[in-house]
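As a plain string of letters, each chain reads:
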Amino acid sequence: MANHLSAKTRIRRNARRYELNSSRLGRIRTFVKSVETAISQGDKPAAQEAFKAAMPEMHRGVRAGILVKNTVARKLSRMNSRIKALG
């Protein structure tokens, strides 16, 4: 257990940040899953709409520091390619 006041403060702060970041990450995963579901069903218009909704969420995750910029760019690019390939 932490003895210093600053260490106790960091424990409290880290717990708050963990809760906030995990909820943000769960929200992003939900948006990505909706895109993946639409792609797997072959529904191009629904996939495009879900992609438009997921893109800003993923960029927000980058801005919040819970996702890596290049990773998000790669995932968005691959999702977009798969959507374009739908008939």
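About the cut-offs
- Residues numbered from 1 in each chain as written.
- Predicted model: local features only at pLDDT ≥ 70, side-chain atom pairs only at ≥ 80, totals over all residues.
- Heavy atoms only, no water.
- 1 Å grid on protein atoms, 1.4 Å probe; cavity = no way out; pocket = protein on both sides within 12 Å on 5 of 7 lines; lining within 4 Å.
- Points joined across faces, edges and corners; volume = space filled by probe spheres on them.
- Helix = DSSP H or I, 4+ residues; strand = E, 2+ residues; numbered from the N terminus.
- Nonpolar A, V, L, I, M, F, W, Y, C, P; charged D, E, K, R; others polar.
- Contact = heavy atoms within 4.5 Å.
- Expected span 1.5 Å × (residues − 1).
- Buried < 20%, exposed > 50% of the residue type's maximum accessible area, 1.4 Å probe, protein only.

## Examining the layout of surface pockets
Take a probe with the size of a water molecule and roll it over the atoms, and the empty space left behind shows itself.
Alright, step 1. Estimated volume of the largest pocket: approximately 180 Å³.
Alright, step 2. Lining the largest pocket, in full, are Leu25, Ile28, Arg29, Val32, Met58, Leu67, Val68, Thr71, Val72 and Lys75.
Alright, step 3. At the level of secondary structure, the elements contributing two or more residues to the lining of the largest pocket comprise helix 1 (5-41) and helix 3 (69-85).
Alright, step 4. For the lining of the largest pocket, the residue count by class is 7 nonpolar, 1 polar and 2 charged.

## Considering the side chain of glutamate 57
Alright, step 1. Structurally, glutamate 57 is set in helix 2 (residues 44-64).
Alright, step 2. In this structure glutamate 57 touches Arg27, Ile28 and Phe31, once residues within four positions along its chain are discounted.

## Description of helix 1
Alright, step 1. Helix length check: helix 1 (37 residues) gives 54 Å between terminal C-alpha atoms against 54 Å at 1.5 Å per residue, within 8%.
Alright, step 2. Residues Ile28, Val32, Val35, Ala38 and Ile39 constitute the buried set of helix 1.
Alright, step 3. The inward-facing, buried residues of helix 1 contact helix 2 and helix 3.
Alright, step 4. Note on helix 1: the residue one or two positions beyond its end, glycine 42, has a positive phi of about 80 degrees.

Treat this as a map of the structure, not an account of what it does.
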